[in-house]
Amino acid sequence: MIVRRIYTLGIRLYALGVRIASIFGNAKAKLWVAGRKNQGSLSLSKGPTPNEPVLRQAQEPDSWIWFHAASLGEFEQGRPVIEALKKEFPQYKVLLSFFSPSGYEIRKDYPLADEVLYLPTDTPRHARQWVQRHRFVAAFFIKYEFWFNYMQALKEAGVPLFYISLILKPDAFFFRSYGTWFRRQLATVSHFFVQDETTAQLLRDHGMTEVTVCGDTRFDRVAAIARQARPFPEVERFVGGRKCIIAGSTWPPDEQLLAAFLPQLPDDYCLIVAPHDVSTAHVAKIKAAFPDSQCYSELDSEKQSKILVVNTIGILSQLYQYASFVYIGGGFGANIHNIQEPVTFGCPVVFGPKYKTFKEAVDLVALQGAFSIGSQEELDAVFHRLIHDEAFRRQASAICLDYLKSQVGATEVILEGFKKALSL
């Protein structure tokens, strides 16, 4: 009980810190505070009492399934499950909550959610109110979201809690010397659907037996994107039968490497650069670094050029269909961006040295479907081989496609787990 009070105090202090940051002009903090304030007290509907079983009420018209994501990336991991459950169980409403403004502000109008909200701070009172407000059939927390007062409130209300796409390392705080109380809170979870065997074994070694290894649900999502990819006639005209390298989600260090390689780009190749920052100022810098480049928004089919700069958002995941291989940015900063999307199209992937927190990147580097570089010389060498060694590139592509096949299907496994919970 004392540890829970200390934990709750820490949550309150964190919320106070965010409020102070918002006063001093932090834009993200302002959204975090304003979004929760605008939700008000979230007046309670008639819901189950704290100890009343919920599953028996599943056929009532106001039964809900709760999905919680930290931000946009975690939402994309949960999205295939939301879509599958909504299709098979249309009688249930979906509550989607976010911790971060970067998720909420982009997906607040997500059409398959009946309600999209910020998650109130994790205090016992907020948690009890939240759980009582709806007749929850089940709750799904995505990847790393551990909010212990909410977890306890769900347990007390008899609501099954599932973790999806969870991945843990041996040095996670649960498994450290001070982690005893936190590990005990994991007993509130009905089932863990995890990405790898390491995570499963860590949980089993500490008494959690309801664990299934099923991979990352986001592979199901990107595979669906690949199947439904629409053509881009203007891009096809730009490519014009040439082989294409796509550089996705690039930052200035990535763009410097690519610009330095440009003189070595063969005539039968073209390059598409899709920067992380598509502001007018940054796009202008890219155009200055890449002579004779064109912007996607002003693409002229009559003009011959080797470089296309994508100065819009929302289409990169489908442009990978035109790539022979791909460079993914971010590896010289905090971390690489998503490599699952190009892998889905069978594209070998090159990226910087900051990649080891992503299981798929680690796996594919070991399998030789992806390649990490740390310098201009290393990028030149890998690009040269992927361009000039057709057999090598085809083998790397086949490795990526085989890896994709081994990873899809997590959504169906989770759906079966949900059905099992209902039957109980």
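About the thresholds
Residues numbered from 1 in each chain as written. Predicted model: local features only at pLDDT ≥ 70, side-chain atom pairs only at ≥ 80, totals over all residues. Heavy atoms only, no water. Helix = DSSP H or I, 4+ residues; strand = E, 2+ residues; numbered from the N terminus. Rg over C-alpha atoms; globule rule 2.2 N^0.38 Å. Buried < 20%, exposed > 50% of the residue type's maximum accessible area, 1.4 Å probe, protein only. Areas by Shrake-Rupley, 256 points an atom, 1.4 Å probe, with all protein chains shown as cover. Lys, Arg positive; Asp, Glu negative; His and termini not counted. Charge placed at Lys NZ, Arg CZ, Asp CG, Glu CD. Patch = residues over 30% accessible without salt bridge, like charges linked within 9 Å, V, L, I, M, F, W, Y side chains within 5 Å. Salt bridge = Lys/Arg side-chain N within 4 Å of Asp/Glu carboxyl O. Core = buried A, V, L, I, M, F, W, Y, C linked by side-chain atoms within 4.5 Å. Contact = heavy atoms within 4.5 Å. Pairing = 2+ DSSP bridges. 1 Å grid on protein atoms, 1.4 Å probe; cavity = no way out; pocket = protein on both sides within 12 Å on 5 of 7 lines; lining within 4 Å. Points joined across faces, edges and corners; volume = space filled by probe spheres on them. Nonpolar A, V, L, I, M, F, W, Y, C, P; charged D, E, K, R; others polar. Axes fitted to C-alpha atoms, helices over the stretch in contact; angles between N-to-C directions. Parallel < 35°, antiparallel > 145°, perpendicular 65-115°, else oblique. pLDDT = per-residue confidence, 0-100.

### Topic: the overall build of the protein
What the protein contains, in helices and strands, is 18 helices and 14 strands. Computed over C-alpha atoms, the radius of gyration of the protein comes to 24 Å, within 12% of the 22 Å expected from 2.2 N^0.38 for 424 residues, which places it in the range of a compact globule. Dimensions of the protein, computed from C-alpha atoms along their principal axes, come out at roughly 70 × 45 × 45 Å. Looking at the protein as a whole, 55% of its 424 residues are labelled buried. Surface accessibility of the protein: about 19200 Å² in total, with carbon and sulfur atoms responsible for 54%. Averaging the positions of the 47 positive and the 43 negative side-chain charges in the protein gives two centres separated by 8 Å.

### Notes on a nonpolar patch on the surface
Residues L9, L13, L16, I20, I23 and F24 make up a contiguous nonpolar surface patch of roughly 680 Å² in combined accessible area. Mapping I23 onto the fold places it in helix α1 (residues 2–23). The exposure class of I23 is exposed, given its relative accessible area of 68%.

### Describing the nonpolar core
With 46 residues, the main nonpolar core has W66, F136, F141, L154, Y163, F192 and L203 as its most contacted residues. Sort the elements by how many residues they give to this core and helix α6 (residues 148–156) lands first, with 5 residues. Every residue in contact with F141, bar those within four places of it in the chain, is listed here: W66, H68, Y150, M151, L154, L161, F162, Y163 and I164.

### Description of the sheet that holds strand β8 (residues 243–250)
With parallel pairing, 7 strands are arranged side by side in an open sheet as β10-β11-β9-β8-β12-β13-β14. Each having just a single partner strand, β10 (294–295) and β14 (370–372) make up the two edges of the open sheet.

### Brief notes about the layout of surface pockets
Counted as a void, the largest pocket has a volume near 1600 Å³. Along the walls of the largest pocket sit 48 residues, with L72, R218, S249, H337 and N338 positioned nearest its centre. Mapped onto the lining of the largest pocket, the elements with two or more residues apiece are α3 (72–88), α4 (101–107), α9 (218–227), α11 (252–261), β9 (269–275), α13 (316–319), α14 (340–344) and α15 (359–367). Ranked by residue count, the leading element in the lining of the largest pocket is α3, at 6 residues. Residue composition of the lining of the largest pocket, by class: 19 nonpolar, 17 polar and 12 charged.

### Considerations on the packing of α1 against α6
Between α1 and α6, the least distance of the axes is 10 Å, while the angle of their chain directions is 125 degrees. Relative to α6, the element α1 is oriented oblique. In this structure, α1 uses R4, Y7 and T8 to contact α6, whose residues at the interface are F148, N149 and Q152. Across the contact of α1 with α6, the residue classes break down as 2 nonpolar, 3 polar and 1 charged.

### Section: the pairing of strand β1 (residues 63–69)
With 7 of 7 residues buried, β1 is to be regarded as a mostly interior element. Note that β1 and strand β4 (residues 135–142) share 6 bridges and pair parallel. Each residue of the ladder has a partner; that of F67, found in β4, is F140. By the bridge criterion, 6 bridges tie β1 to strand β2 (residues 93–98) in an arrangement that is parallel. Counterpart to I65 in the pairing with β2 is V94.

### As for the sheet that holds strand β3 (residues 115–118)
Sheet architecture is open: 7 strands sit in the order β3-β2-β1-β4-β5-β6-β7, paired in parallel fashion. Of all the strands in the sheet, the pair left with one neighbour each is β3 and β7 (211–213). Each strand of the sheet is rotated relative to its neighbour by a mean of 20 degrees, with strand direction disregarded. Its contacts with the sheet place α3 against β1, β2, β4 and β5 (161–166), and it is angled at close to 160 degrees to β1. Sheet contacts for α6: β1, β4 and β5; angle to β4, the most-contacted strand, approximately 145 degrees.

### Here's the deal with the confidence of the model for the protein
Averaged over all residues, the pLDDT of the protein equals 92, while 95% of them reach at least 70. Confidence over residues 43–61 falls short of pLDDT 50; this stretch has 44 contacts with residues more than four positions distant or in other chains.

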